[in-house]
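Residues per chain, in single letters:
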Amino acid sequence: MLRGFYVLLLTLLTSCQTWRQLNFYSDAELASIGAEAFAQVLKDGNHKVISSGKEYEMVQRVGQRIAVASGKADDPNYQWEFKLLKADGIPNAFCLPGGKVAVYTGILPITLNEHGLAAVLGHEVAHATQHHGGIRMSQAAITSSIIVVAGAGISITGMTDLQKVACIGALGAAINLGVTLPFSREHETEADLIGIRFSIRAGYDPWEAPKLWERMAEISSGVPSWLSTHPNPLDRAAELKEAIPQIIQEERPNAPATKVAVVAAQQDGVIL
Ligand SMILES: [Zn+2]
């Protein structure tokens, strides 16, 4: 009986748009949480913050252009910062809510040029503008509240509706494999596609994005995509190749699909 209830809840949750978009936090709260966490990351000082040189300047240039392209450059809830951290062994970047972005030096050999970096920063900025951090934190709050509820031995009939929804956590691994991780992958795909829009608007070549993911595939660990929070790099490259012509059409309807962004970049004086 109870098992049937959980299965029903799981079915509802996996098809529930509200759950996927659930966000308890306002933009101002997210900005404040993001800024605090970012300051903490920088203060912990595991990686030196690089504040001069060609690579630093490139990160600032591309980051600011992407921030403007996102339409959130003047939004007080987004205080954009693009930090370059010295970590040659980390091929990654991240963005915290409110526009706090870090790029590790280890990703620069994979991004290879400004267009590749624009693909990465477009993706990271899209996570912030789409409130993915707030949604993740809200989902985490619910899934952790269930553990408290289960631990306290409260009966299902004594729970609030929210707690009942949270009860899905009793399925343990299922919440990771069936609910949390796929939503995260969904966010990754959404960030890829919106990030491409930002990079086109900023004048960069969107076709560098699939090339970037193909290069990433060469160094990735081979975790099966269904078990990973990130889609397989080659799957991402394939999805992007399919989506880019349509996105270019939508963003720059009068330009030929393959040339548009490169031409725009050259006109804007971007180094290729
Ligand atoms: Zn991501």
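Residues numbered from 1 in each chain as written. Predicted model: local features only at pLDDT ≥ 70, side-chain atom pairs only at ≥ 80, totals over all residues. Heavy atoms only, no water.

(A) Inspection of helix α3 (residues 27-44) at higher detail. Helix length check: α3 (18 residues) gives 26 Å between terminal C-alpha atoms against 26 Å at 1.5 Å per residue, within 8%. One or two positions beyond α3, positive phi appears at G45, with a value near 65°. (Helix = DSSP H or I, 4+ residues; strand = E, 2+ residues; numbered from the N terminus. Expected span 1.5 Å × (residues − 1).)

(B) Focus on the pairing of strand β2 (residues 81-85). Where strand β1 (residues 49-50) and β2 come together, 2 bridges link them in antiparallel fashion. Bridging across to β2, I50 finds its partner in L84. Sheet topology note: the β2/strand β4 (residues 100-104) ladder contains 5 bridges and is parallel. Counterpart to F82 in the pairing with β4 is V101. (Pairing = 2+ DSSP bridges.)

(C) Quick look at the coordination of the zinc ion. At 2.1 Å from the zinc ion lie its protein donor atoms, namely H123 (NE2), H127 (NE2) and E188 (OE). Positions of the donor residues of the zinc ion, expressed as sequence spacing, correspond to H-x3-H-x60-E. Of the two residues, H123 sits in helix α6 (residues 114-129) while E188 sits in helix α9 (residues 173-201), which places them 65 residues apart along the sequence. For the pair shown, H123 and E188 are each scored as buried. (Donors = N, O, S within 2.8 Å, 3.2 Å for Na, K, Ca; no water. Buried < 20%, exposed > 50% of the residue type's maximum accessible area, 1.4 Å probe, protein only.)

(D) Spotlight on the pattern of salt bridges. Scanning the model with the defined rule gives 13 salt bridges in all. Between E114 and R61 there is a salt bridge; the shortest N-O distance is 2.4 Å. In this pair, E114 sits in helix α6 while R61 sits in helix α4 (residues 54-69), placing the two residues 53 residues apart along the sequence. You can call E114 buried: its relative accessible area is 4%. A salt bridge links R201 to E251; its shortest N-O distance comes to 2.8 Å. Taken together, the positions of R201 in helix α9 and E251 in helix α11 (residues 233-251) put the pair 50 residues apart, joining distant regions of the chain. R201 sits in the partly exposed class, given a relative accessible area of 42%. What you see here is one network of salt bridges that share partners, running through R197, R201, E250 and E251. (Salt bridge = Lys/Arg side-chain N within 4 Å of Asp/Glu carboxyl O.)

(E) Broad picture of the sheet that holds β1. The 4 strands lie next to each other as β1-β2-β4-β3, forming an open sheet whose pairing is mixed. Since the sheet does not close on itself, it has two edges, and those belong to β1 and β3 (93-96), each with one partner. Across the sheet, α6 touches β2, β3 and β4, and the angle it forms with β3 is around 25°. (Contact = heavy atoms within 4.5 Å. Axes fitted to C-alpha atoms, helices over the stretch in contact; angles between N-to-C directions.)

(F) A look at the side chain of R215. Mapped onto the fold, R215 is located in helix α10 (residues 208-219). A distance of 2.6 Å separates a polar atom in the side chain of R215 from the backbone oxygen of I110. Here R215 is in contact with I110, T111, L112 and E208, once residues within four sequence places are set aside. (Polar contact = N/O pair within 3.5 Å; in protein donor to acceptor, adjacent residues only side chain to side chain.)

(G) Quick look at the nonpolar core. Membership of the largest hydrophobic core comes to 43 residues, with the highest contact counts inside it found for V62, I66, W80, F82, V103, L117 and L121. Examining the composition of this core, we find that 8 residues originate from one element, α6, more than from any other. Among all residues touching W80, those that are not within four sequence positions of it are A67, S70, K72, A73, G98, G99, V101, V125, A128 and T129. By size, the runner-up hydrophobic cluster in this structure holds 7 residues, among which are F38, L85, L96 and A102. (Core = buried A, V, L, I, M, F, W, Y, C linked by side-chain atoms within 4.5 Å.)

(H) Region of interest: the side chain of H132. Locating H132 in the fold gives a position in helix α7 (residues 132-152). Of note is the side chain of H132, whose polar atom sits 2.6 Å from the side chain of E190. The residues contacting H132, other than those within four sequence positions of it, are H127, H187, E190 and A191.

(I) Region of interest: the confidence of the model for the protein chain. Of the residues in the protein chain, 66% have a pLDDT of 70 or more, and the chain-wide mean is 76. The low-confidence segment residues 164-183, where pLDDT is below 50, has 45 contacts with residues more than four positions distant or belonging to other chains. Overall, residues 259-272 carries pLDDT values under 50, and its contacts beyond four positions in sequence, including any with other chains, amount to 23 contacts. (pLDDT = per-residue confidence, 0-100.)

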